Amino acid sequence: MATMARLRTIRYIIGAAFGSMWRNLITTIAAITTISIMLIVFSTFLAVNDTLDRMIDALGRRTNLVAYIQDDAPPSQVTALVQAISSRPDVAEVVFVSRDQAAAKFRNTLSELAEILDIIETNPFPASLEVRMSDPEGLLPLADELRLQPVLVEQVLVRADVVGRLLRVSRLARLGGGILIISLGAVTLFVIFNTIRLAVFSRREEIEIMKLIGATDWFVRGPFVIEGAVIGFIGAGLSSIAVIVGFARVGPTLESLVSFLPIQTQAGFVTNLALFTLFVGVLIGSVGSYFSVRRYLET
Amino acid sequence: MIVLQNVTKLYSKDRSALRDVTLSIAREEFVFITGPNGAGKSTLLKLLTLQERPSEGVIVVDGLDTGLVANGAVPAYRRKIGIVFQDTRLFPNRTVFENVSLPLRISGASGRKVRERTNAVLETAGLHDFASRRADELSGGELRRVAIARAIIGSPHILLADEPTDSLSPQASREIMDLLLQISRSGVTTLVATHDRDAVDLLRRRVVRLEDGRVTADVSSGEFDAVLEPA
């Protein structure tokens, strides 16, 4: 019997939530619009920040380190060195270039100077390792490690100035992006939370009446929490639709205009962004309502 | 039965709303609480509904020491008492039926019970034709009836009414008092806080007069003229 009463109460609470949204339609629309706009701005910024992040990674991956191998280095040790470097998590690829391959490369790329090699009759090029990094942060430490092996490595070439600048830009961009995401996230939370608080504030008397006629805290709070979750879901849903449509329309144009930028337009990324937005919307909506109602429950 | 024993309510060190009030109201009794504005009438009702807690003294309602009612148990306590608020406290954008049936919804009553009981109470309050009207479409007297109907829908043993005839025409006031008396006669202990002398004159029931937070008179019918404010 108590279970039936509880089920009826839950059914009533759900019905009351939707009824109340309909009765307070203007407030509901205002809250949905605010949530939607804030989440569109936030998710667009997330996408821009992600593109910036990938751009930095891509630039980092293009930066190579070249280690010239001593002519008399034992081949077995060179092979071991190649394996050791390859196994590092921050290294994407290691290519061993033999002396002959280096000479051939010289002939191919600088054909007008190829006859110099014929004149001197010997191969002046050392064998080398060309290292492509997956994380540019590891470039300078790797160079230092290789320089500590003079038996194998004759010289290490790294564009330290370029790498240093790239790392500084990368760190700054990530720090700036992080700060902006946190700030914008906080502003988004603040605006949405206050929108919900205002919606609850306009109905504080309703809460008081319910309490005075014997409603439990959950009976009063339930409809507001459901309402907040539904408003958050609809607001976030509209924002997700806007983001998906925006990516579908603008993405290909952007890709062709700035092909050097690794702009994320794959369905997976957009879907994840939409799901994340929905989760945030529902969470803020329901939690915001929960806390907004709490202050009026002490009647 | 309601008993107040040496009840004092202080809002601050210098401001007391009730001072050392001792009062006993028998089961099924109809009592007027009168007195000028600020005498403590509303505070007394707030103490009985646990909107406020006494600073000193004991309040017993239906055998229950209200001081022992924990905050979590207040909703269940309030569901046993019918309350008619001075400003009605109805939901203006809901229908009369929705407003009146709300306490039953809160207690998880079945749809059938809600329909049957609400229709019966609306009939009692003379509101049967108003069931589907929104509260904000009603007159002051009709709103009071709706508030009374909502207060009695849970079949309470005690009914508290705070200025139920305030701002009503003499005719509407009489109708409201008749309705309260009719409810009282069905076995409900009824406390009506009012400064409506006509209403008190009309019903000639026990009158407790409060002044400056103290009980200055407590007289039964027949001798109540002495405790009323000048008309």
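Just so you know, these numbers come straight off a predicted model, no measurement behind them.

## Brief notes about the overall build of chain A
Looking only at helices and strands, chain A features 10 helices and 4 strands. Tracing chain A from N to C terminus, the helices and strands come up as α-α-β-α-β-α-α-β-α-β-α-α-α-α. Within chain A, contacts between residues separated by at least 24 positions form 84% of all contacts whose residues are at least 6 apart in sequence.

## Some thoughts on the interface of chain A and chain B
Counting residues at the interface gives 19 residues for chain A, matched by 21 residues for chain B. Carbon and sulfur atoms make up 59% of the surface buried where chain A meets chain B, a total of about 1900 Å² over both sides. Joining chain A to chain B, the criterion identifies 2 salt bridges. Where R89 of chain B meets E208 of chain A, a salt bridge forms, and the shortest distance between an N and an O atom there is 2.9 Å. Run the count over chain A and chain B and you get 5 residue pairs in polar contact (both at pLDDT 80 or more). Taken together, the elements giving at least two residues each to the side of chain A that touches chain B come down to α1 (2-23) and α8 (204-212) of chain A.

## Structural notes on a nonpolar patch on the surface
The grouping of M4, L7, I10, I14 and F18 of chain A at the surface amounts to a nonpolar patch, some 470 Å² of accessible area in total. Here I10 of chain A falls in the partly exposed class, since its relative accessible area comes to 45%.

## Looking at the nonpolar core
Core analysis: the biggest nonpolar cluster contains 62 residues, and I207 of chain A together with L4, I33, L48 and L191 of chain B have the highest contact counts within it. Among the elements that line this core, the one with the most residues is helix α9 (residues 217-257) of chain A, at 6 residues. Setting aside chain neighbours within four positions, we find L191 of chain B in contact with I2, I25, V31, I33, L45, L48, L159, L160 and A161 of chain B. Residues V100, F130, L180 and V207 of chain B belong to the second largest nonpolar core, which totals 41 residues.

## Considerations on the pairing of strand β2 (residues 16-25) of chain B
All names here are of chain B. Two strands pair when backbone bridges link them, and strand β1 (residues 2-10) and β2 are joined in this way by 6 bridges, in the antiparallel orientation. Each bridged residue has a counterpart across the sheet, and for L4 the counterpart in β2 is L23. Where β1 folds back on β2, the antiparallel hairpin that results is connected by 5 residues.

## Observations concerning the sheet that holds strand β4 (residues 56-61) of chain B
All names here are of chain B. As summarised here, the arrangement of the 4 strands in space is β2-β1-β4-β5, forming an open sheet in which the pairing is antiparallel. Edge positions in the sheet fall to β2 and β5 (64-65), since each of these pairs with one other strand and no more. Pairing of β1 with β4 involves 5 bridges; the strand directions are antiparallel. Each bridged residue has a counterpart across the sheet, and for V3 the counterpart in β4 is V60. Where helix α1 (residues 41-48) meets the sheet, it contacts β1, β2 and β4, and its direction lies at approximately 115 degrees from that of β1.

## Topic: the packing of aromatic side chains
Centre distance and the angle of the planes are the two values used to describe a pair of aromatic rings. In the structure shown here, the tally under the stated rule is 6 aromatic pairs over all chains. Measuring from ring centre to ring centre gives 6.4 Å for F201 of chain A and Y296 of chain A, while their planes differ by 55 degrees; the resulting arrangement is tilted. Of this pair, F201 of chain A sits in helix α7 (residues 160-201) while Y296 of chain A sits in the segment after α10 (267-294), and the two are 95 residues apart along the sequence. Its relative accessible area of 17% is what places Y296 of chain A among the buried residues. Residues Y290 of chain A and F291 of chain A carry aromatic rings whose centres are separated by 5.2 Å and whose planes lie at 80 degrees to one another, so their mutual orientation is edge-to-face. Y290 of chain A sits in the partly exposed class, given a relative accessible area of 27%. Ring-pair connections join several aromatic residues into one group, and the members of that group are W218, Y290 and F291 of chain A. Cation over ring: R204 of chain A sits above F201 of chain A, and NZ or CZ is 3.9 Å from the ring centre. One Lys or Arg, R89 of chain B, reaches over the ring of F85 of chain B and ends 5.8 Å from the middle of that ring.

## Remarks on the packing of helix α3 (residues 96-106) of chain B against helix α4 (residues 111-124) of chain B
Residues and elements named next belong to chain B. Put simply, α3 and α4 touch, their axes get as near as 9 Å, and they point 125 degrees apart. As far as their axial angle goes, α4 and α3 are oblique. Along this stretch, α3 crosses α4, giving a crossing that reads as right-handed. Contact with α3, carried on its side by V96, F97, V100, S101, L104 and R105, involves K113, V114, R115, R117, T118, N119, V121 and L122 of α4 and no other residues of that element. Residues of the contact of α3 with α4, tallied by class, amount to 7 nonpolar, 3 polar and 4 charged.

## Quick word on α1 of chain A
All names here are of chain A. When the terminal C-alpha atoms of α1 are compared, their 30 Å separation across 22 residues agrees well with the 32 Å that a helix rising 1.5 Å per residue should span. All of the buried residues in α1 are A5, T9, Y12, I13, A16, A17, S20 and M21. End-on view of α1: buried residues confined to an arc of 165 degrees, all on one side of the axis. Exposed residues lying more than 90 degrees from the buried face of α1 are T3, L7, R11 and W22.

## Comments concerning the environment of R79 of chain B
In this structure, R79 of chain B sits in helix α2 (residues 74-79). Other than its neighbours up to four places away in sequence, R79 of chain B contacts I213, G214 and T216 of chain A together with I106 and S107 of chain B.

## Overview of the sheet that holds strand β7 (residues 158-162) of chain B
Residue and element names in this part refer to chain B. Sheet architecture is open: 6 strands sit in the order β6-β7-β8-β3-β9-β10, paired in mixed fashion. For this open sheet the edge positions go to β6 (81-84) and β10 (214-219), each flanked by a neighbour on one side alone. The sheet shows a mean angle of 15 degrees between the axes of neighbouring strands, taken without regard to direction. Against the sheet, helix α5 (residues 140-152) engages β6 and β7, with an angle of about 170 degrees to β6.

Conventions we followed
- Residues numbered from 1 in each chain as written.
- Chains lettered and ligands numbered in written order.
- Predicted model: local features only at pLDDT ≥ 70, side-chain atom pairs only at ≥ 80, totals over all residues.
- Heavy atoms only, no water.
- Helix = DSSP H or I, 4+ residues; strand = E, 2+ residues; numbered from the N terminus.
- Contact = heavy atoms within 4.5 Å.
- Buried area = accessible area lost by both parts, 1.4 Å probe.
- Salt bridge = Lys/Arg side-chain N within 4 Å of Asp/Glu carboxyl O.
- Polar contact = N/O pair within 3.5 Å; in protein donor to acceptor, adjacent residues only side chain to side chain.
- Patch = residues over 30% accessible without salt bridge, like charges linked within 9 Å, V, L, I, M, F, W, Y side chains within 5 Å.
- Areas by Shrake-Rupley, 256 points an atom, 1.4 Å probe, with all protein chains shown as cover.
- Buried < 20%, exposed > 50% of the residue type's maximum accessible area, 1.4 Å probe, protein only.
- Core = buried A, V, L, I, M, F, W, Y, C linked by side-chain atoms within 4.5 Å.
- Pairing = 2+ DSSP bridges.
- Axes fitted to C-alpha atoms, helices over the stretch in contact; angles between N-to-C directions.
- Phe/Tyr/Trp six-rings, centres within 6.5 Å; stacked < 30°, edge-to-face > 60°.
- Lys NZ or Arg CZ within 6 Å of the ring centre and 35° of its normal.
- Parallel < 35°, antiparallel > 145°, perpendicular 65-115°, else oblique.
- Left-handed = near helix turned anticlockwise from the far one by under 90°.
- Nonpolar A, V, L, I, M, F, W, Y, C, P; charged D, E, K, R; others polar.
- Expected span 1.5 Å × (residues − 1).
- Arc of directions from axis to C-beta.

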